[in-house]
Amino acid sequence: MSTFQELGLNTDLINAINDLGFTQPSEVQQKAIPVLLEEERDLVALAQTGTGKTAAFGFPMLQKIDINSRTTQGLILSPTRELCLQITNELKLYGKYCNGLNVVAIYGGASITEQAKQVKRGAQIIVATPGRMKDMISRKLVDISKIQYSVLDEADEMLNMGFYEDITDILSHTPMDKSTWLFSATMPREVASIAKKFMYDPIEITVGNKNESTSQVSHEYYLVNGRDRYLALKRLADANPDIFSVIFCRTKRDTQRVAEKLVEDGYSAGALHGDLSQNQRDLVMKSFRNKQIQMLVATDVAARGIDVDDITHVINYQLPDEIETYTHRSGRTGRAGKTGVSMVIVAKSEVRKIKSIERIIKKEFQKKDIPSGMEICEVQLMSLANKVHNTEVSHEIDTYLNSINALFEDTDKDELIKKFFSVEFTRFFNYYKGAKDLAVTESGDSGGKSRSGDETRYFINVGRKDGYDWMKLKDFLKEILELGRDDVFKVDVKDSFSFFNTEKAIEEKVLSFFTDFKHNGRFVNVEITENKGGKRGGGKRRDRKRDGRRRDDKPRGERRSRRSNTLESKGDRRGRRSDSPKPRRSKSPSDRPRRSRRR
Ligand code: AMP
């Protein structure tokens, strides 16, 4: 393996590399740097984030540009503001001994005038997001007509985000004879077509599965009932007391919901998604970087460009729609030579996706069971014991030692240890004692007790005639009841009525919501049925008794007048809800144990 000197880098760069403490070039650097230094050629590199690719294009670019000139010579396009800033910072570090170097970041959401001013001072390298770059070109605030090097970083992500047109437009303002270096974690058709269209005879290098970074990531999947996803997530977190993780959800709403639930349950968690303002996102990322947040719940789009090196676990709360996205997710861990675990929580219907992902990443997943309650208790206890064992004694305590000794005068060592650990352990033990087994086999059997006793099956007076199929009805219920994807199940739609199930724990929420609910000008009636819906079909309906009275026993006049006083459309209900104080926290066991937050 070559050293950085042997790759041909100059003294200014070697000095910066020494300051940064990089001892050896990474694989992508070994492969790309010598070629890019020696030849004026296009390059396509298949490399994920975390492999050291910024330096792979950054070192050659810094060495080749003329620092004494104020002309813009290098342009790097990246998909997100975060990545744009990250690349800019890295380049500044790499070029700290290149006197006169000016690297400018151009991205949306910040003052365009200020960015234009910085460019005007003479930026040899511009790092930009496509949208803002296009804007600045059209306003003639930048001149890229003389660039010699262009980099398309995370090209697959840029295309995923719909930047094809912008990229094409930007490149049309650059000279034909420049070199283009394209970096991408995956090579979908669109990226290949960009390479074909804008590059001439590129050298191709792959730092795929052989690279140090990805071989550091192990992949595990956990099969659970879809509706146990959240409980499973908590167990995975509890079974890994020092977890520092990114949890991926598919939608912004799920991301927010899962983060809120985690926070309510006492975990140090935060949400990162596109509905947050840039300021809010910056704050969350700052807390995550400082490790004040242990679990960052994110959407794929928002998580692009997360450049945190110590992430221990990536948890796929839900699998992505595009399985290629899995590569990006798992690449957030196992960075910079560290090991990492990428975990997937899957329902039975998604297991085949695991097989497809295995083909893409060319690695096998390990099927694991969600740890049992007692396993978690043991892990937590031993983790605490180790922490206590490794704690440096604070001599501030010496002053109080006599009083403490007096208190424990009659307590022997074993007893003292038991008492000490019980303080923390009892919380976990009480929560997990008798907790059900969440693991399911691939044939669908629950490893633990049958769930049918925990479910409620409902009758609802809408059906096919009203335009519903099972999927539409499920979506409708999820939406109006503000439930997660897996909280409504066994949906069975008949002609004029339907059935569905929820966990028994939310029965009251469902029933009270439908007390007076009107949709499309019609009252929607939901009642409990006796049949649990194990087999497809309805089963006998039992009218719900509330307030000691059968609903239909109510005199019609009374029912009408009560409804007319409280009638609300979906929108009205929502409006009122958002104004009302936060609901009282449920006392259900799923809300416990609360974790002590890290400060
Ligand atoms: P990147 O793939 O460019 O996002 O780099 C991931 C991380 O690895 C960054 O924090 C870099 O500073 C770091 N890095 C890059 N090259 C090396 C190297 N040769 N040795 C150690 N760390 C590196």
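Everything below is about the structure printed above this text.
Parameters and conventions
- Residues numbered from 1 in each chain as written.
- Predicted model: local features only at pLDDT ≥ 70, side-chain atom pairs only at ≥ 80, totals over all residues.
- Heavy atoms only, no water.
- Helix = DSSP H or I, 4+ residues; strand = E, 2+ residues; numbered from the N terminus.
- Buried < 20%, exposed > 50% of the residue type's maximum accessible area, 1.4 Å probe, protein only.
- Core = buried A, V, L, I, M, F, W, Y, C linked by side-chain atoms within 4.5 Å.
- Contact = heavy atoms within 4.5 Å.
- Near = heavy atom within 4 Å.
- Polar contact = N/O pair within 3.5 Å; in protein donor to acceptor, adjacent residues only side chain to side chain.
- Nonpolar A, V, L, I, M, F, W, Y, C, P; charged D, E, K, R; others polar.
- Axes fitted to C-alpha atoms, helices over the stretch in contact; angles between N-to-C directions.
- Parallel < 35°, antiparallel > 145°, perpendicular 65-115°, else oblique.
- Left-handed = near helix turned anticlockwise from the far one by under 90°.
- Phe/Tyr/Trp six-rings, centres within 6.5 Å; stacked < 30°, edge-to-face > 60°.
- Lys NZ or Arg CZ within 6 Å of the ring centre and 35° of its normal.

Trainee: An account of unusual backbone geometry is needed here, citing residue identities and associated values.
Mentor: For residues that are not glycine, phi is negative in most cases, and the peptide bond is trans in most cases. A positive phi angle, close to 65°, is found at Lys291, a residue other than glycine. You can see Lys291 is positioned in the loop between helix 13 (278-289) and strand 11 (295-298). On the accessibility criterion, Lys291 (31% relative accessible area) is partly exposed. Despite not being glycine, Lys362 has its phi angle at roughly 55°, a positive value. Assignment of secondary structure puts Lys362 in the loop between helix 16 (351-361) and strand 14 (366-368).

Trainee: Any details on the nonpolar core? Residues and values, ideally.
Mentor: Judged by nonpolar contacts, the single largest core of 43 residues is most densely connected at Leu9, Phe59, Ile76, Leu91, Ile125, Trp181 and Phe183. Setting aside chain neighbours within four positions, we find Leu91 in contact with Gly58, Leu62, Ile76, Leu101, Val103, Ile125 and Val127. Grouped together as the second largest cluster of nonpolar side chains are 30 residues, Leu75, Met136, Ile147 and Ile194 included.

Trainee: Outline the site of the ligand, listing residues and values.
Mentor: For the ligand, the set of nearby residues contains 17 residues, the closest of which are Gln24, Gln29, Gly50, Gly52 and Thr54. Separating a nitrogen atom of the ligand from a backbone N or O atom of Gln24 is a distance of 2.8 Å. Contacts to the ligand include Gln29, whose side-chain N or O atom sits 2.8 Å from a nitrogen atom. Among the elements of the structure, helix 3 (53-64) and helix 4 (81-94) are those that each provide at least two residues to the shell around the ligand. When residues of the shell around the ligand are assigned to their parent elements, the largest contribution, 3 residues, is made by helix 4. Across the shell around the ligand, the residue classes tally to 4 nonpolar, 9 polar and 4 charged.

Trainee: Describe the packing of helix 17 (residues 373-390) against helix 19 (residues 413-432), and please don't skip the residues or the numbers.
Mentor: Two elements in contact, helix 17 and helix 19, have axes separated by 9 Å at closest approach and are oriented at 160°. Relative to helix 19, helix 17 is oriented roughly antiparallel. Every pair of crossing elements has a handedness; the one defined by helix 17 and helix 19 is right-handed. Contact with helix 17, carried on its side by Gly373, Met374, Ile376, Cys377, Gln380, Leu381, Leu384, Ala385 and Val388, involves Phe420, Phe421, Glu424, Phe425, Phe428, Phe429 and Tyr432 of helix 19 and no other residues of that element.

Trainee: Let's hear about the packing of aromatic side chains: which residues, and what values?
Mentor: Each aromatic ring pair is summarised here by two numbers: the centre-to-centre distance and the angle between the ring planes. Counted according to the given criterion, the structure contains 19 aromatic pairs. Seen in terms of ring centroids, Tyr431 and Tyr432 are 4.5 Å apart; in terms of plane orientation they differ by 70°. Their pairing is edge-to-face. Neither residue differs from the other here; Tyr431 and Tyr432 are each classed as buried. Measuring from ring centre to ring centre gives 5.1 Å for Phe513 and Phe517, while their planes differ by 45°; the resulting arrangement is tilted. The same class applies to Phe513 as to Phe517, namely buried. In textbook terms, an aromatic cluster arises when at least three aromatic residues are bridged by ring pairs, as seen for Tyr468, Phe476, Phe513, Phe514 and Phe517. Sitting over the face of the ring of Phe244, Lys291 holds its NZ or CZ atom 4.8 Å from the ring centroid. Cation over ring: Lys518 sits above Phe523, and NZ or CZ is 5.5 Å from the ring centre.

Any functional reading would require information that these geometric values do not contain.
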